[in-house]
Amino acid sequence: MNMKKLSAALALATMATMTAGVPVAMAQSAQSMDGATQQQYGQSQGAAQAAAPVSETDLEKFVSAEKKVNEIRQDLTEELSSAGDQQEAQELQMDAQKEMVEAIQDEELDIPSYNAIASRMQTDAELRQRAQQYN
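This structure is a prediction, so every number in the text was calculated from the model and none was measured.

Enquirer: Before we go on, may I ask you to explain a negative patch on the surface in this structure?
Expert: Residues Glu71, Asp75, Glu78, Glu79, Asp85, Glu88, Glu91, Asp95, Glu99, Glu102 and Asp106 make up a contiguous surface patch of negative charge. Contributing elements (two or more residues each) for the negative patch: α5 (56-80) and α6 (86-106). Examining the composition of the negative patch, we find that six residues originate from one element, α6, more than from any other. Take Asp85: it is sitting in the loop between α5 and α6.

Printed below as a string of structure tokens:
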């Protein structure tokens, strides 16, 4: 086992899941999607949704999904610390990404909508304040 590679994989996986939450994870998995799926989860659709107002219903769904995503992210971080090698770390990350997608979809949000709200939450103080009422 090459410890430098394992350490790099763990750091990369942890940073990828920690930086901007699912938007980063979804961008990574979107690279391997076919054309039809890319259109469904495409950036142009996400960009259009980023400009649209966020309804209270969608915001409530987002907050609930975000709680689940954060739990999955936290579990992944713990699991990565005990990963035996780079391949195991990658498998753990892929499984976590699938769980994150399912958690978002379970809240009846699509990935572009979730990503758009997550992006806006980083810069829109009013939206963050509105979201706090659902915590």
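Enquirer: Is there a simple way to explain the nonpolar core in this structure?
Expert: A general trend in soluble globular proteins is that nonpolar side chains are found buried together. Ranked by size, the top nonpolar core spans 25 residues in total, and within it Leu59, Phe62, Ile104, Tyr114, Ile117, Met121 and Leu127 carry the most contacts. Elements supplying a minimum of two residues to this core: α5, α6, α7 (111-123) and α8 (125-132). Sorting elements by how many residues they give to this core places α5 first, with eight residues. Setting aside residues no more than four positions away along its own chain, Leu59 makes contact with Val54, Ile117, Met121, Leu127, Arg130, Ala131 and Tyr134.

Enquirer: Explain the packing of α5 against α7 here, please?
Expert: Packed helix pairs are characterised by how far apart their axes lie and by the angle those axes make with each other. Running from amino to carboxyl end, α5 crosses α7 at an angle of 85 degrees, the nearest separation of the two axes being 10 Å. Viewed along their axes, α5 and α7 adopt a mutual orientation that is roughly perpendicular. Packed against α5, whose contacting residues are Asp58, Leu59, Phe62, Ala65, Glu66 and Val69, the element α7 presents Tyr114, Ile117, Ala118 and Met121 at the interface. Residues of the contact of α5 with α7, tallied by class, amount to eight nonpolar, no polar and two charged.

Enquirer: Would you explain the pattern of salt bridges in this entry?
Expert: Pairing is possible between side chains of opposite charge, provided their charged atoms come close. Scanning the model with the defined rule gives five salt bridges in all. Notably, a salt bridge pairs Arg130 with Glu56, separated by 2.8 Å at the nearest N-O pair. With Arg130 in helix α8 and Glu56 in helix α5, this pair connects stretches of sequence that are 74 residues apart. For the salt bridge of Lys61 with Glu108, the shortest nitrogen-to-oxygen distance reads 3.9 Å. Within this pair, whereas Lys61 is found in helix α5, its partner Glu108 is found in the loop between α6 and α7, the two being separated by 47 residues in sequence. Beyond isolated ion pairs, a larger network of salt bridges with shared partners links Glu56, Glu126 and Arg130.

About the criteria used
Residues numbered from 1 in each chain as written. Predicted model: local features only at pLDDT ≥ 70, side-chain atom pairs only at ≥ 80, totals over all residues. Heavy atoms only, no water. Patch = residues over 30% accessible without salt bridge, like charges linked within 9 Å, V, L, I, M, F, W, Y side chains within 5 Å. Areas by Shrake-Rupley, 256 points an atom, 1.4 Å probe, with all protein chains shown as cover. Salt bridge = Lys/Arg side-chain N within 4 Å of Asp/Glu carboxyl O. Lys, Arg positive; Asp, Glu negative; His and termini not counted. Charge placed at Lys NZ, Arg CZ, Asp CG, Glu CD. Helix = DSSP H or I, 4+ residues; strand = E, 2+ residues; numbered from the N terminus. Core = buried A, V, L, I, M, F, W, Y, C linked by side-chain atoms within 4.5 Å. Buried < 20%, exposed > 50% of the residue type's maximum accessible area, 1.4 Å probe, protein only. Contact = heavy atoms within 4.5 Å. Axes fitted to C-alpha atoms, helices over the stretch in contact; angles between N-to-C directions. Parallel < 35°, antiparallel > 145°, perpendicular 65-115°, else oblique. Nonpolar A, V, L, I, M, F, W, Y, C, P; charged D, E, K, R; others polar.

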